[in-house]
Amino acid sequence: MTSTRGTTGTSASPAATNGWNAAYLDAQHEQYRTNPDSLPPDVRAFFQGFELASSLGSTSDKTSGVDRGIADLIYAYRQLGHIAATVDPFGRVNERPKAMTLEHHGLAKADLTRHVDPSAASLYAGGPLQEVIDHLDRTYCRNIGFEYMHVQNTEEREWLWRVIEENEGRIPISDDTRKRLLSQVLKSESFETFLGKRYPGDKRFSLEGGESLIVLLEQMIERASDLNVEETVIGMAHRGRLNVLNNVVGKSYEQIFTEFEDTWGEDFVDGGGDVKYHRGYSGQRTLANGKTMHLALSSNPSHLDAVDPVVLGRARAKQYLSGDLQRKHIMPLLIHGDAAIAGQGIIAECLNLSQLEGYTVGGTVHVVINNQIGFTTLPEDARSTRYCTDVAKMIDAPIFHVNGDDPEACVTAAQIAVEYRQKFGKDVFIDLVGFRKYGHNEQDEAAFTQPLMADKIKKKPSVLNVYADKLLATGVINNQVMQAIKDEINEALERAQDAAKNQPYDPTIDPGSRRWSKMKRSWDFEPVNTGVPMKTLTLICNALGTVPEGFNVHRKLVNLLKDRKELPKTKKISYADAESLAYGSLLLEGVPVRLSGQDCRRGTFSHRHGVLRDAKTGEAYIPLDHITEVGMPGTDTPPLSKMDDGRKRQAQFGVWDSPLSEASVLGFEYGASMVDPYQLVLWEAQFGDFVNGAQTIIDQFIVNAEIKWDRWSGLVMLLPHGYEGAGPEHSSGRMERFLQSCAQKNIQVVYPSTGAQMFHLIRRQVQRDFRKPLVVMTPKSMLRTATSTIDELTKGSFLEVIDDPKFTAAGAGDNGKRTRKTSVSKVKRVILCSGKVFYELAAKRDELGRDDVAIVRVEQVYPLHTELVKKTVGRYPTSAELVWVQEEPRNIGAFLFLQDKLREKAGIEIARYIGRDASSSSATGSKRMHKEEQEWLIAQAFADEPEKSSSVAVRAKAKAGAK
């Protein structure tokens, strides 16, 4: 609604205290009467409420007061009924809110016979007030607590209350369905009981106390299939995971028993593998309604909800790949614990992604396994809110609190939740309130810290017993049927265990299936020709420098676009130019490119301008989406189909400014990268140091998912890196942290020093027949510096090591200059380095005229091409001193890692380290101090007797002592 607050003009009517104008409201009200659909939802809702209140009035003040009291009472049930609902399996009931009493609204028992007009109160049935209250009690105060009145969208809120109230908060189910629910609960309990008896010493994080989760998930998935969902991507922690793997996802008893028997060793040969309750699984299931559903449960470490953004990213990529742009056929499902959803910040980060254009997945269904305890911590010590799900209110998500002892209530919650998701494309939450039969794991003693709750749990009948007694009492089943189901399940468990003991069953799924069938798992240094014809590069440059007719380019970008268009003529290309050309070339080859990060559309350093904005209208234009016509996503491998004129369609360039978050966004992009090896997925940190905000995603997924879970990824991480006196949070991409995690050729850590190197590196990432995550230390000050020629992009490949162009024929790494080849025999010192420091060293060498110093760049730090390093260094005299020079402090950067690798793998000893002293902070915030340190280390690289310390204070003290 428009506000007059802050305006300077006059008005015929004075503004209200909230800034609304009376004349304006009158005009809007008149518009509402004649054409309500022409108004925004919030304005329409305001006048609906206004007229409802007016309709309850009468000529008598007393009558008006009573009717308003009734309307307020009805509203109170909808607003607060969840507090009075019987959702606790232990039977503990909250005090009924005073707003749900007659007295609170000025009503008396005499008013209970008063007739209530259903149209006035938006009820399905009118009648005496007593009947209305009974109806509301049955709807809102039984085993489901509906919390939805905080939903601000009028259409959504009205849909929810209609669905909830039309059947008094329950979806009718048949006796046959009840028998099926009982069977599902029985399967869940029998599975846990069997494991407990046969493997009493093993951790399994059982579902006992929350068995209704299986009913809830089964019914949700079945209803989703009715609503055209074809695949569900699932993420959950370890509580109940084995049960879900078996009874929902379809992992067999034999596979699970093989893991308990520990007879499958293939995944552990190289020291990898993971515990059984962290592993994922996927498969196609035929449901009870005859439809099929592909279910994929993502692997997850003990970092609980760390998997959430990974699942969202996987779902988004699957939606794109299958052409599900309405996001109705692939649904993400996240299963949380009550302590985690309240305590883990990544939950809020993921909710913030839910409706963002670049990250939405069409709504996520959230299920909370509410144990009413977290490890040993009770709710009063774990959160400051009434419910663990209160975080959901930040995005107006409806929440259904369900008593885990009531499988039929679970059916209602599951079906309404998935219907809401499919209709509105938004997140929805189910809080499944149960308990945890044992401690944190089966060997843990819960009574140490929660003796009262532990005592209640010991006396508590199981979910199965509670529900079975109900069905027996109503004659739905009899004891003979019950026993027959039990016997059938137990016999299946016995057979499966015997089979697993006799012959191990592979408990995993093949990572090289479906889209990954042409990928191999091993690394090799085989060069890949990543050159692109000049004709193609010219086409891309033309697109980069062209905007639609009438598009108003910002005046400061006019020359930039002109320069990009003329790159084939001027030849000189910067790092930023090369990056964009690499993306364009892949798009033309049918490889979609997805790039996200904080401010990455423009680029933190104003270098990319992947999205242009009309200076007058703000309209967006993406040059790389207009090289040729963009093809629609599909399931065929590239290249994409051709247009009528024979030209190939290009793939789409998706570039997104992310929210101010690292963990959730990096997790999202990692998940996206797992879906399709023929898509390039990149995440860019605003500054390299900010990657530490996503350390859990790096440690638990990116660097070790292949060895733990056999999951492959070609994710690229761009981390702006370089020392320019910008302080400790704007200098380092923390290369050393990645290097510490490097083993078994798990990731690539690269510091390219030229635009051409970046071009070939990006293209190499999708043109090889294997995928490994790529960590790139990208420059800052060098981004717009011409370090290559466009001709270098037409041939060749990425170079892991670049020899000194001063001592070689002109080629890659020398900016295309033909220089006189200097005699190698004169070299007395060989400097090894990486990245931008090469240019400062080369400039200093030219200044000093030192032809006796060679500078060799190690471009790929890991996997280190030791043979190439050995060959390159071996070209120089054995008498030459080998030193390592870096900008970073000694304990940061590549030195310690490379020193060890070169000694161990190549027999090469680095004689001297030249760089900053070890430091607990990655860089200084003083530009003066930085400049002194930088000048010192560059000078020391050429000194006959280099000093030992980069510290200005230490060196000054040493000089004073010498005097």
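Residues numbered from 1 in each chain as written. Predicted model: local features only at pLDDT ≥ 70, side-chain atom pairs only at ≥ 80, totals over all residues. Heavy atoms only, no water.

## Some thoughts on the overall build of the protein chain
Inference 1: If you tally the helices and strands in the protein chain, you get 31 helices and 26 strands.
Inference 2: Counting every position in the protein chain, which comprises 963 residues, the buried fraction comes to 58%.
Inference 3: Of the roughly 40,000 Å² that the protein chain leaves accessible, carbon and sulfur atoms contribute 49%. (Helix = DSSP H or I, 4+ residues; strand = E, 2+ residues; numbered from the N terminus. Buried < 20%, exposed > 50% of the residue type's maximum accessible area, 1.4 Å probe, protein only. Areas by Shrake-Rupley, 256 points an atom, 1.4 Å probe, with all protein chains shown as cover.)

## Thoughts on the side chain of His294
Inference 1: Within the element layout of this structure, His294 appears in strand β6 (residues 292-297).
Inference 2: A distance of 3.3 Å separates the side chain of His294 from the side chain of Arg514, its partner in a polar contact.
Inference 3: Beyond its immediate sequence surroundings of up to four residues, His294 is in contact with Glu230, Glu231, Thr232, Ser282, Gly283, Gln284 and Arg514. (Polar contact = N/O pair within 3.5 Å; in protein donor to acceptor, adjacent residues only side chain to side chain. Contact = heavy atoms within 4.5 Å.)

## Observations regarding the pattern of salt bridges
Inference 1: What the rule picks out here adds up to 53 salt bridges.
Inference 2: In this structure, Arg138 engages Glu168 in a salt bridge whose closest nitrogen and oxygen atoms are separated by 2.8 Å. Taken as a pair, Arg138 in helix α4 (residues 129-140) and Glu168 in the loop between α5 (154-166) and α6 (175-198) lie far apart in primary sequence, 30 residues in all.
Inference 3: If you follow the salt bridges from partner to partner, you end up with Asp175, Arg178, Glu408 and Lys470 in one network. (Salt bridge = Lys/Arg side-chain N within 4 Å of Asp/Glu carboxyl O.)

## Details of the packing of helix α7 (residues 212-226) against helix α14 (residues 407-424)
Inference 1: At a minimum axis distance of 8 Å, the contact between α7 and α14 shows a crossing angle of 35°. Crossing hand, α7 versus α14: right-handed. In this structure, α7 contributes Ser212, Val215, Leu216, Gln219, Met220, Arg223 and Ala224 to the contact, and α14 contributes Pro407, Cys410, Val411, Ala414, Gln415, Val418 and Glu419.
Inference 2: Considering only residue class, the contact of α7 with α14 consists of nine nonpolar, three polar and two charged. (Axes fitted to C-alpha atoms, helices over the stretch in contact; angles between N-to-C directions. Left-handed = near helix turned anticlockwise from the far one by under 90°. Nonpolar A, V, L, I, M, F, W, Y, C, P; charged D, E, K, R; others polar.)

## Comments concerning the side chain of Glu669
Inference 1: By the secondary structure assignment, Glu669 is in helix α22 (residues 663-673).
Inference 2: Among residues more than four places away in sequence, those in contact with Glu669 are Tyr359, Arg594, Ser596, Val681, Leu682, Trp683 and Leu715.

## Examining the packing of aromatic side chains
Inference 1: For the structure on display, the rule yields 27 aromatic pairs.
Inference 2: Seen from their ring centres, Phe807 and Tyr876 are 5.8 Å apart, and the 90° between their planes marks the pair as edge-to-face. Here Phe807 is found in the loop between β21 (801-802) and β22 (829-833), whereas its partner Tyr876 is found in the loop between α28 (866-873) and β25 (881-889), with 69 residues between them in sequence.
Inference 3: Here Phe807 falls in the buried class, since its relative accessible area comes to 0%.
Inference 4: When the centroid spacing of 5.2 Å and the interplanar angle of 80° are considered together, the rings of Phe838 and Tyr839 count as edge-to-face.
Inference 5: Classification of Phe838 as buried rests on a relative accessible area of 5%. (Phe/Tyr/Trp six-rings, centres within 6.5 Å; stacked < 30°, edge-to-face > 60°.)

## Brief notes about the sheet that holds β22
Inference 1: Read across the sheet, five strands follow the order β21-β23-β22-β25-β26 without closing on themselves; strand pairing throughout is mixed. The open sheet has two free edges, formed respectively by β21 and β26 (912-916), since each of these has just one partner strand.
Inference 2: Two elements, β21 and strand β23 (residues 853-858), share two bridges in a ladder whose sense is antiparallel. Bridging across to β23, Val801 finds its partner in Val858.
Inference 3: Across the sheet, helix α27 (residues 837-848) is in contact with β22, β23 and β25; its angle to β23 comes to roughly 170°.
Inference 4: Strand contacts of helix α29 (residues 895-906): β22, β23, β25 and β26, with the helix running at about 150° to β25, the strand carrying the most contacts. (Pairing = 2+ DSSP bridges.)

## So, unusual backbone geometry
Inference 1: Of the consecutive residues Tyr862 and Pro863, the connecting peptide bond is found in the cis state with omega at -10°.
Inference 2: Residue placement: Pro863 occurs in the loop between β24 (860-862) and α28.
Inference 3: Even without glycine at this site, Lys745 takes up a positive phi of about 50°.
Inference 4: Considering the arrangement of structural elements, one finds Lys745 in the loop between α25 (735-740) and β18 (748-750).
Inference 5: Exposure remark for Lys745: the relative accessible area of 36% places this residue in the partly exposed category.

## Details of α29
Inference 1: Between its terminal C-alpha atoms α29 stretches 15 Å, which fits the 16 Å expected from twelve residues at 1.5 Å a residue.
Inference 2: Just downstream of α29, Gly907 is the residue with a positive phi angle, here 65°. (Expected span 1.5 Å × (residues − 1).)

## A few points about the sheet that holds strand β15 (residues 653-657)
By way of backbone hydrogen bonds, the strands of a sheet pair with one another, either parallel or antiparallel.
Inference 1: The strand order across the open sheet built from seven strands is β15-β12-β16-β17-β19-β18-β24, with neighbouring strands paired in mixed fashion. Each edge of the open sheet carries a strand with a single partner, namely β15 and β24. Averaged over all adjacent pairs, the angle separating strand axes in this sheet is 20°, with direction ignored.
Inference 2: Note: strand β16 (residues 680-684) against strand β17 (residues 716-720), three bridges, orientation parallel. What sits directly across from Leu682, in β17, is Val716.

## A word on the confidence of the model for the protein chain
Low-pLDDT portions of the prediction should not be read for the details of their coordinates.
Inference 1: On average, the protein chain scores 89 in pLDDT, and the residues at 70 or more come to 89%.
Inference 2: Residue range residues 1-20 is modelled with pLDDT below 50. Its contacts to residues more than four positions away, or to other chains, number 21 contacts.
Inference 3: Scored below 50 in pLDDT, residues 635-639 shows twelve contacts in the model against residues more than four places distant or in partner chains. (pLDDT = per-residue confidence, 0-100.)

## Description of the packing of α6 against helix α16 (residues 463-473)
Inference 1: Where α6 contacts α16, the two axes come as close as 10 Å, and the packing angle between them is 155°. The angle between α6 and α16 falls in the class roughly antiparallel. For the crossing formed where α6 meets α16, the hand is left-handed. Listed contacts from α16 to Arg178, Leu181, Leu182, Val185, Leu186 and Glu189 of α6 are Val463, Leu464, Tyr467, Ala468 and Leu471. (Parallel < 35°, antiparallel > 145°, perpendicular 65-115°, else oblique.)

## A short note on the environment of Asp72
Inference 1: Residue position: Asp72 is located in helix α3 (residues 61-84).
Inference 2: Spatially, the C-alpha atoms of Asp72 and Met100 are 9.1 Å apart, while their sequence positions differ by 28 residues.

## Regarding the environment of Val856
Inference 1: Mapped onto the elements, Val856 comes out in strand β23.
Inference 2: For the pair formed by Val856 and Asp804, sequence separation is 52 residues and the distance between their alpha carbons is 5.3 Å.

## Let's talk about the pairing of strand β3 (residues 144-147)
Inference 1: Of the two faces of β3, both are covered, the one formed by Ile144 and Phe146 as well as the one formed by Gly145 and Glu147.
Inference 2: Pairing analysis gives four bridges linking β3 to strand β9 (residues 399-403), with the strands arranged antiparallel. Paired with Ile144 across the bridge in β9 is Val402.

## Some words on the environment of Gln422
Inference 1: Examined against the element boundaries, Gln422 turns out to sit in helix α14.
Inference 2: Taking relative accessible area as the criterion, Gln422 reaches 10% and is therefore assigned buried.
Inference 3: A C-alpha to C-alpha distance of 10.0 Å links Gln422 and Gln326, two positions 96 residues apart in sequence.
Inference 4: Of note is the side chain of Gln422, whose polar atom sits 2.5 Å from the side chain of Arg421.

## Description of the pairing of strand β4 (residues 231-236)
Inference 1: Most of β4 sits inside the fold, with six of its six residues counted as buried.
Inference 2: Residue alternation in β4 divides its side chains into two sets, Glu231, Val233 and Gly235 and Thr232, Ile234 and Met236, and both sets are buried.
Inference 3: Strand direction decides the pairing type here: β4 and β6, joined by four bridges, are parallel. Note on β6: the bridge partner recorded for Thr232 is Leu295.
Inference 4: Sheet topology note: the β4/strand β7 (residues 330-337) ladder contains six bridges and is parallel. Considered in β7, the bridge of Met236 is made with Ile335.

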